[in-house]
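# Structural description and commentary
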Amino acid sequence: QVQLVESGGGLVQPGGSLRLSCAASGFTFSSYAMSWYRQAPGKERELVAFITSTGSSTNYADSMKGRFTISRDNAKNMVYLQMNSLKPEDTAVYYCKTRRLGNDYWGQGTQVTVST
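Scope of this entry: the structure provided in the associated data block. All figures in this text were calculated on a predicted structure; none of them were measured in a lab.

## Structural notes on the side chain of Thr91
Inspection of the secondary structure assignment puts Thr91 in the loop between strand S8 (78-83) and strand S9 (92-100). Of the polar contacts made by the side chain of Thr91, one reaches the backbone oxygen of Pro88; its length is 2.9 Å. From its side chain, Thr91 meets the backbone nitrogen of Val114 in a polar contact 2.9 Å long. Beyond its immediate chain neighbours, meaning those up to four positions away, Thr91 contacts Ala40, Pro41, Gln111, Val112, Thr113 and Val114.

## A few points about the sheet that holds S8
Ordered in space as S1-S3-S8-S7, the four strands form an open sheet in which the pairing is antiparallel. Of all the strands in the sheet, the pair left with one neighbour each is strand S1 (3-7) and strand S7 (68-73). Ignoring strand direction, the axes of neighbouring strands in this sheet form an average angle of 15°. The sheet contact formed by S7 and S8 spans six bridges and is antiparallel. By the bridge assignment, Arg72 is partnered in S8 with Val79.

## Side note on the pattern of salt bridges
Under the defined criterion, the tally for this structure stands at six salt bridges. With a closest N to O distance of 3.2 Å, Lys65 and Asp62 form a salt bridge. Here Asp90 makes a salt bridge to Arg67, at a shortest N to O gap of 2.7 Å. Here Asp90 is found in the loop between S8 and S9, whereas its partner Arg67 is found in the loop between strand S6 (58-60) and S7, with 23 residues between them in sequence. There is no split in this pair, since Asp90 and Arg67 are both buried. Connected via shared salt-bridge partners are Arg38, Glu46, Arg67 and Asp90.

## As for the nonpolar core
Of all hydrophobic cores here, the largest spans 28 residues; its most connected members are Trp36, Val79, Leu81, Met83 and Tyr94. Those elements giving two or more residues to this core turn out to be strand S3 (18-25), strand S4 (34-39), strand S5 (46-51), S7, S8, S9 and strand S11 (110-114). With four residues, S3 is the single largest residue contributor to this core. Residues contacting Val79, with those up to four places away along its chain left out, are Leu20, Ser21, Cys22, Phe29, Met34, Trp36, Ile51, Ile70, Ser71, Arg72 and Cys96.

## Topic: the pairing of S1
Covered by surrounding structure in S1 are Leu4 and Glu6 only, the residues Gln3, Val5 and Ser7 on the alternate face being uncovered. Strand direction decides the pairing type here: S1 and S3, joined by five bridges, are antiparallel. Considered in S3, the bridge of Glu6 is made with Cys22.

## A short note on the packing of aromatic side chains
Considering all chains together, one arrives at four aromatic pairs under this definition. Taking 6.2 Å as the distance between ring centres and 90° as the angle between the ring planes, the aromatic pair formed by Tyr95 and Trp106 counts as edge-to-face. One end of the pair, Tyr95, is in strand S9; the other, Trp106, is in strand S10 (residues 103-106), with eleven residues separating them in the sequence. Take Tyr95: its relative accessible area is 12%, and that puts it in the buried class.

Quick notes on the rules
Residues numbered from 1 in each chain as written. Predicted model: local features only at pLDDT ≥ 70, side-chain atom pairs only at ≥ 80, totals over all residues. Heavy atoms only, no water. Helix = DSSP H or I, 4+ residues; strand = E, 2+ residues; numbered from the N terminus. Polar contact = N/O pair within 3.5 Å; in protein donor to acceptor, adjacent residues only side chain to side chain. Contact = heavy atoms within 4.5 Å. Pairing = 2+ DSSP bridges. Axes fitted to C-alpha atoms, helices over the stretch in contact; angles between N-to-C directions. Salt bridge = Lys/Arg side-chain N within 4 Å of Asp/Glu carboxyl O. Buried < 20%, exposed > 50% of the residue type's maximum accessible area, 1.4 Å probe, protein only. Core = buried A, V, L, I, M, F, W, Y, C linked by side-chain atoms within 4.5 Å. Phe/Tyr/Trp six-rings, centres within 6.5 Å; stacked < 30°, edge-to-face > 60°.

Just distances and angles here, no functional claims.
Okay, structure coming up:
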């Protein structure tokens, strides 16, 4: 069965960096695109970044361009989100997601808090 497990969240000061990881299992990871989403308190879940199955193409929400980088290691079944220049408004639960055979699969999320 598809399983996605995020890690790497935590408390960071404004301007700091974090690297989130998502470990995937239960499917042929290298065949599927992956995404990171986030959900802040009281707000809808929003797309953060997307990467194709081979990693050859990526896309970002406008507010994350130039600060966040999505990458993947198909040999390790891992997808990453490097977040730099973090702002308080980046505070949210971050989720990785894949879509397989018409179904969306989500991890449990990892909390990122940007605060002094």
